[in-house]
Amino acid sequence: MTRALVAGVDSSTQSCKVVIRDAHTGDLVRSGRAPHPEGTEVMPDEWYRALVLAIDDAGGLDDVGAISVGAQQHGMVLLDSQGDVVRPALLWNDTRSASAATDLVNELGAQAWADAVGSVPVASFTVTKLRWVAEHDARSAKEAEIVLLPHDWLTAQLREDPAWISTDRGDASGTGYWSPSTGEYHRDLVARAFGRDLFLPRVADPFEVVGEVGPDWGVERGRTLIAPGTGDNMAAALGLRAQPGDVVVSLGTSGTAFAVSETATRDPSGAVAGFADATGRFLPLVCTLNAALVLDSMARMLGVDHDGFDRLALEAQPGAGGVVLLPYLAGERTPNRPNSTGHLAGLTLSNSTPANLARASVEGMLCGLADAVDALVAQGVPIRRVLLIGGATRSAAVAAIAPQVLGRPVLVAAPGEYVADGAALQAARTWLGESADARWPDTSGTWMTTEATPRVREAYAALRDSAPD
């Protein structure tokens, strides 16, 4: 009997990944990938080219029953009235709109933004990029009639009828003009940012069929359904099978902490972005700028490779002999200290050892993420356990020290393509029903439990609060 297969796409900043999985069991059947160009703005055609290559590398879609696209959040794709791209898309990591974010917040006030859309705008949000284009790119602003997110645009390219455009609640919640609480757009905020209203895609239900893959993709008409897709963090939560009480701490170049929640958050401080998830729940999220890059930088300073760095960090005792690192090497977003720098404190003749420096960098990085988890708790988000993902989880030192700093049981998840996997799971539910994933395996990995070391957090907090911005 022919296997029922689904495809999940992860169109990230760096590359496009595609997984083909058994719709009933979640077993991986095949996969493919293709690179994206570097930069903080890119023509969407580059995403399309990479999607074609990645799907081809994964063996095509001719035997796939449903597909879903997960993609980087916040990116702004502007189209004209004919559906043609007006200018390169501004990505989440394009910070030219930082002053626009400040202006928008000052115009309405942080509390008003939090009440309206659950978040206070920062440079990554789509609404701030609309303001930047209105102020700095008059030609594009005049031509633009439609604004989409990366996953919206890619999903439209899969459809037989690309003119029918949709998004989902997870990705829409990162725009700065859609409310997770009410499920409605705030068109007044679009007009405030851009100077006039724009066409906005319909927000599909979490597991709604939003189209069929067109024959240009080598499939029979009506054979392959299209699921709504979502943002990358929302897809990762799905791929990890995260439930209320779980917090996902992702340690990439930057770091995030996000949790599945039954209730929406509205944080006027801006620390917690009040996103929606891809299932009908909510996904409050905190983003930091400094994670794995901190470890890479310290390893270079010490002249060791990653294995050597781990050995050094694990030689030192908790607290690193009194050495403390404030890891704001790239400035910081949470807390909002963009001009801050890293600080080493507590150095003495006796504790200035490579082992203590390595340990302090791991503890400092994790303390920044522990602050992020605390920000979620302060918004009433219940946290029972931590799911640890990202490139830095390959570090034995990070795995061992994480539960000491985070103060909770930590599942160091096995390496995987969790965004693409989450998209595949959404495709399976869309095609076969919400119970289709009953036999999909739970997240695998290694449980790490140990006693918390409060003095590490206390020393970190003292340095954080005393260091200059």
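Note that the structure is predicted; figures quoted are calculated from it, not measured.

A. Local environment of the overall build of the chain. Helices and strands together make up the secondary structure of the chain, namely 15 helices and 24 strands. Here the C-alpha atoms of the chain give a radius of gyration of 22 Å, agreeing with the 23 Å that 2.2 N^0.38 yields for 469 residues. Expressed as a percentage of the 469 residues in the chain, the buried residues total 58%. When contacts within the chain are restricted to residue pairs at least 6 apart in sequence, long-range pairs at least 24 apart make up 73% of them. Here the chain has roughly 18,000 Å² of accessible surface; of this, 50% comes from carbon and sulfur atoms. Side-chain charges in the chain split into 37 positive and 57 negative, and the spacing between the mean points of these groups amounts to 2 Å.

B. Seen up close, the sheet that holds strand β17 (residues 255-259). In spatial order, the strands read β18-β19-β17-β16-β22-β23-β24; together these 7 strands make up an open sheet with mixed pairing. Looking at strand neighbours, the two that pair on one side only are β18 (273-276) and β24 (445-448), the edges of this open sheet. For this sheet, the mean inter-axis angle between neighbouring strands, taken without regard to orientation, is 25°. The sheet contact formed by strand β16 (residues 245-251) and strand β22 (residues 383-389) spans 6 bridges and is parallel. Counterpart to Val-248 in the pairing with β22 is Leu-387.

C. Geometry of the UniProt feature "domain: Carbohydrate kinase FGGY C-terminal" (unreviewed entry) in the chain. In this numbering, the UniProt entry assigns the feature "domain: Carbohydrate kinase FGGY C-terminal" (unreviewed entry) to residues 248-431. Across residues 248-431 one finds 39% helix and 20% strand; the C-alpha atoms that close the span lie 27 Å apart.

D. The arrangement of the pairing of β18 in detail. Covered by surrounding structure in β18 are Ala-273 and Phe-275 together with Gly-274 and Ala-276, the residues of both alternating faces. Taken together, the 4 bridges between β18 and strand β19 (residues 282-288) define a ladder with antiparallel strand orientation. What sits directly across from Ala-273, in β19, is Leu-285. In textbook terms, the turn of a hairpin is the stretch between consecutive antiparallel strands, and for β18 and β19 this stretch comprises 5 residues, one of which, Gly-280, has a positive phi near 115°.

E. Focus on the nonpolar core. Val-6, Leu-78, Leu-130, Val-133, Val-147 and Tyr-177 are the most contacted members of the largest nonpolar core, which has 57 residues in total. Residue contributions to this core peak at 7 residues, all from helix α14 (residues 418-432). Here this core spans two domains, and each of domain 1 (3-227) and domain 2 (240-468) adds at least three residues to it. Beyond its immediate sequence surroundings of up to four residues, Val-6 is in contact with Val-19, Ile-20, Arg-21, Ala-23, Val-64, Ala-66, Ala-424, Ala-427, Ala-428, Trp-431 and Trp-440. Core analysis: the second largest hydrophobic core is formed by 53 residues, Val-373, Val-386, Val-405 and Val-456 among them.

Definitions and limits used
- Residues numbered from 1 in each chain as written.
- Predicted model: local features only at pLDDT ≥ 70, side-chain atom pairs only at ≥ 80, totals over all residues.
- Heavy atoms only, no water.
- Helix = DSSP H or I, 4+ residues; strand = E, 2+ residues; numbered from the N terminus.
- Rg over C-alpha atoms; globule rule 2.2 N^0.38 Å.
- Buried < 20%, exposed > 50% of the residue type's maximum accessible area, 1.4 Å probe, protein only.
- Contact = heavy atoms within 4.5 Å.
- Areas by Shrake-Rupley, 256 points an atom, 1.4 Å probe, with all protein chains shown as cover.
- Lys, Arg positive; Asp, Glu negative; His and termini not counted.
- Charge placed at Lys NZ, Arg CZ, Asp CG, Glu CD.
- Pairing = 2+ DSSP bridges.
- Axes fitted to C-alpha atoms, helices over the stretch in contact; angles between N-to-C directions.
- UniProt positions renumbered as here; feature names shortened; annotations may be inferred.
- Core = buried A, V, L, I, M, F, W, Y, C linked by side-chain atoms within 4.5 Å.
- Domains from an automatic or database assignment.

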